[in-house]
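Single-letter residue listing:
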Amino acid sequence: MASQVVSNAFSVASARPKLSSFQKSSRTTIFSSPVSKAVVVRRSKQGLKIKCAGGFYESPAATADYRIAPHGGKLVNTMCPFFDKDTLAAKCNKKMELDDRNACDVELLCVGGFSPLEHFCSEKEYLSIVNDMHLPDGTIFGLPIVLDTHDETIVPGDKVLLTYQGQDIAIIDVTEKYLANKPLEALHCYGTSSIEHPGVQMISMERGPYYLAGPVTGLNLPKRDFPCKTPQEVRFMLPKRDCDVVAFQCRNPVHRAHYELFSRALGQPGVRPNSVVLVHPTCGPTQSDDIPGIVRYHTYEVLKEETHDPNINWAYLPYSMHMAGPREAIQHMIIRKNYGCTHFIIGRDMAGSKSCISGDDFYGAYDAQDLANATAPALGMKTVPSLNLCYTEEEGYVTADVAEAKNLTRKNLSGTKFRKMLRAGEEIPEWFAFKSVVKVLRENV
């Protein structure tokens, strides 16, 4: 079934006109909020500094002409001005507490991670993405962005205050409330309707039966133990020059093989000289047996300090993983484009998952790569294949074909064996994991 979904998505992607690979814009939309304008704190040749409820946002004029345009051409930001948030919150007639997953979605909607979306999907948009992997206007989108609820009392016209861990986060002006078609969503987005799939379990057993649609106005960014720069802040952080930005997505602690993979990506065909990597791991909810986000964050931070590579930039993404394989690969590419990335590293079985009963894979090893390669031109991005690296006694990390051609002695350590050694306090070989990362894991797992 997964291959059928990939095939259908291919035909959809190829049927639409392709966008310019590196569409450039001399203007960046800072606010598309229907509420009011931001406060310009500073204006200079370098751009604008704007204060709003989510903090300060830079609109650097100096970088706008060479940074890749956001998905859909506009970088959304619906964070309200700081002086308006109490007034707006007081106008709400309902309140809803968000779970961890929904809080991630609200944050990314408000700061532009899901540009061009600035609202939770209407039923028409939801079905269009589910069935065809694009919005009704033809804009590609991997997975629908929805806000679920069990609340029977919420109706269109309500202004609902969205809270997270007791903090006022955002307001949704409800324009629609509709019954989710979960079997269809599961089959088309995850490639299966089996609840053995963790993503299907999530939409079937955790989400409420209704989805709410409507524009979202941000009040405050969620208070997290790890900082998550907005798309505008990441764009401003990246080098002030015309260069490729290669995104590396990860939901696990970074080990030696990961580091070798993304550091060598800069030398791959299709990546220009003097370009950079953005290591942009997800720190939101993933699978139940994954290492917690805060622990993953600390492993990235110690590795950043240890390596001090000027060509590698680091930021953290408040995204909730769906384990949706090919469809989620497209979602990750769109998000990273909004953060200023031109290229995306696609690993084997990216965002893949296994049956919780049989352990069988739901997707083929290259399904995500195939769909990403087919869709990349229409997204205006390029893919960077994940190198198949292995460690050898004679030459360290080399590609598997080199190891085979030279008959080199490989060393292997499975994830299961690594976790057992970690728990037992055994020595972890440095070729597998950085000592600094191992120290964090020993202290927290």
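Residues numbered from 1 in each chain as written. Predicted model: local features only at pLDDT ≥ 70, side-chain atom pairs only at ≥ 80, totals over all residues. Heavy atoms only, no water.

## Quick notes on the confidence of the model for the protein chain
Consideration 1: Counting all residues, the mean pLDDT for the protein chain is 84, and 84% of those residues have values of 70 or more.
Consideration 2: Taken as a whole, residues 1-50 scores under 50 in pLDDT and shows 117 contacts with residues more than four places along the chain or in a different chain.
Consideration 3: Overall, residues 56-63 carries pLDDT values under 50, and its contacts beyond four positions in sequence, including any with other chains, amount to 35 contacts. (pLDDT = per-residue confidence, 0-100. Contact = heavy atoms within 4.5 Å.)

## Quick notes on the pairing of strand 17 (residues 396-399)
Consideration 1: By the bridge criterion, four bridges tie strand 16 (residues 389-392) to strand 17 in an arrangement that is antiparallel. Looking at strand 17, one finds that Tyr 391 is bridged to Tyr 397.
Consideration 2: Taken together, strand 16 and the strand that follows it, strand 17, pair antiparallel across an intervening segment of three residues. (Pairing = 2+ DSSP bridges. Helix = DSSP H or I, 4+ residues; strand = E, 2+ residues; numbered from the N terminus.)

## Looking at unusual backbone geometry
Consideration 1: Residue Ser 115 is joined to Pro 116 through a cis peptide bond whose omega torsion reads 10°.
Consideration 2: Structurally, Pro 116 is set in the loop between helix 3 (100-111) and strand 5 (119-120).
Consideration 3: The backbone of Met 133 shows a phi angle near 60°, a positive value even though the residue is not glycine.
Consideration 4: Along the polypeptide, Met 133 turns up in the loop between helix 4 (123-132) and strand 6 (147-149).
Consideration 5: Phi is positive for Asn 274, close to 65°, though the residue is something other than glycine.
Consideration 6: Its place among the elements puts Asn 274 in the loop between helix 8 (256-264) and strand 12 (276-279).

## Some remarks on helix 3
Consideration 1: Spanning 12 residues, helix 3 covers 17 Å between terminal C-alpha atoms, matching the ideal 16 Å at 1.5 Å per step.
Consideration 2: Within the span of helix 3, buried status applies to Arg 101, Asn 102, Ala 103, Cys 104, Asp 105, Val 106, Glu 107, Leu 108, Leu 109, Cys 110 and Val 111.
Consideration 3: A distance of 3.2 Å separates the backbone nitrogen of Arg 101 from a side-chain oxygen at the start of helix 3, and that oxygen is part of Asp 99. (Expected span 1.5 Å × (residues − 1). Buried < 20%, exposed > 50% of the residue type's maximum accessible area, 1.4 Å probe, protein only. Polar contact = N/O pair within 3.5 Å; in protein donor to acceptor, adjacent residues only side chain to side chain.)

## Observations regarding the sheet that holds strand 15 (residues 382-385)
Consideration 1: Read across the sheet, five strands follow the order 13-12-11-14-15 without closing on themselves; strand pairing throughout is parallel. Sheet topology places strand 13 (312-314) and strand 15 at the edges, where each strand pairs with a single neighbour. Adjacent strand axes in the sheet meet at a mean angle of 30° when their direction is disregarded.
Consideration 2: Pairing of strand 11 (residues 245-248) with strand 14 (residues 343-346), which is carried by two bridges, proceeds in the parallel orientation. Pairing of Val 246 across the sheet is with His 343, part of strand 14.
Consideration 3: Strand contacts of helix 10 (residues 326-338): strand 11, strand 14 and strand 15, with the helix running at about 150° to strand 14, the strand carrying the most contacts.
Consideration 4: Sheet strands in contact with helix 11 (residues 367-379) are strand 14 and strand 15, and its direction is about 150° off that of strand 15. (Axes fitted to C-alpha atoms, helices over the stretch in contact; angles between N-to-C directions.)

## Side note on helix 5 (residues 182-190)
Because each turn of an α-helix spans 3.6 residues, side chains separated by three or four positions end up pointing in the same direction.
Consideration 1: Considered for burial, the residues of helix 5 that qualify are Lys 182, Glu 185, Ala 186, Cys 189 and Tyr 190. Down the axis of helix 5, the sector holding all buried residues measures 100°, keeping them to one side.
Consideration 2: Summarising the contacts, the buried residues of helix 5 are in contact with helix 4, helix 6 (198-206), strand 10 (210-218) and helix 10.
Consideration 3: By the N-cap criterion, in which a side-chain oxygen at the helix start approaches the backbone nitrogen of a residue two or three places on, helix 5 is capped by Asn 181, the distance to Leu 184 being 3.3 Å. (Arc of directions from axis to C-beta.)

## Remarks on the packing of aromatic side chains
What describes a pair of aromatic rings is the distance from one ring centre to the other and the angle between the planes of the rings.
Consideration 1: A full pass over the atoms with the stated rule returns 14 aromatic pairs.
Consideration 2: Residues Tyr 178 and Tyr 211 carry aromatic rings whose centres are separated by 5.9 Å and whose planes lie at 85° to one another, so their mutual orientation is edge-to-face. Of this pair, Tyr 178 sits in strand 9 (residues 176-179) while Tyr 211 sits in strand 10, and the two are 33 residues apart along the sequence. By the burial criterion, Tyr 178 is buried, and Tyr 211 matches it.
Consideration 3: Between Tyr 259 and Phe 262, the ring centres sit 5.3 Å apart and the planes meet at 75°, which makes this aromatic pair edge-to-face. Taken as a pair, Tyr 259 and Phe 262 lie in helix 8 at a separation of three residues, close to a single helical turn.
Consideration 4: Judged by its relative accessible area of 14%, Tyr 259 is buried.
Consideration 5: Here the aromatic cluster, defined as three or more aromatic residues joined through ring pairs, consists of Phe 248, Tyr 259, Phe 262, Trp 314 and Phe 434.
Consideration 6: Over the aromatic face of Phe 236 sits the side chain of Lys 240, whose NZ or CZ is 4.4 Å from the ring centroid.
Consideration 7: Positioned above the aromatic ring of Phe 434 is the side chain of Arg 256, whose terminal nitrogen or guanidinium carbon lies 3.9 Å from the ring centre. (Phe/Tyr/Trp six-rings, centres within 6.5 Å; stacked < 30°, edge-to-face > 60°. Lys NZ or Arg CZ within 6 Å of the ring centre and 35° of its normal.)

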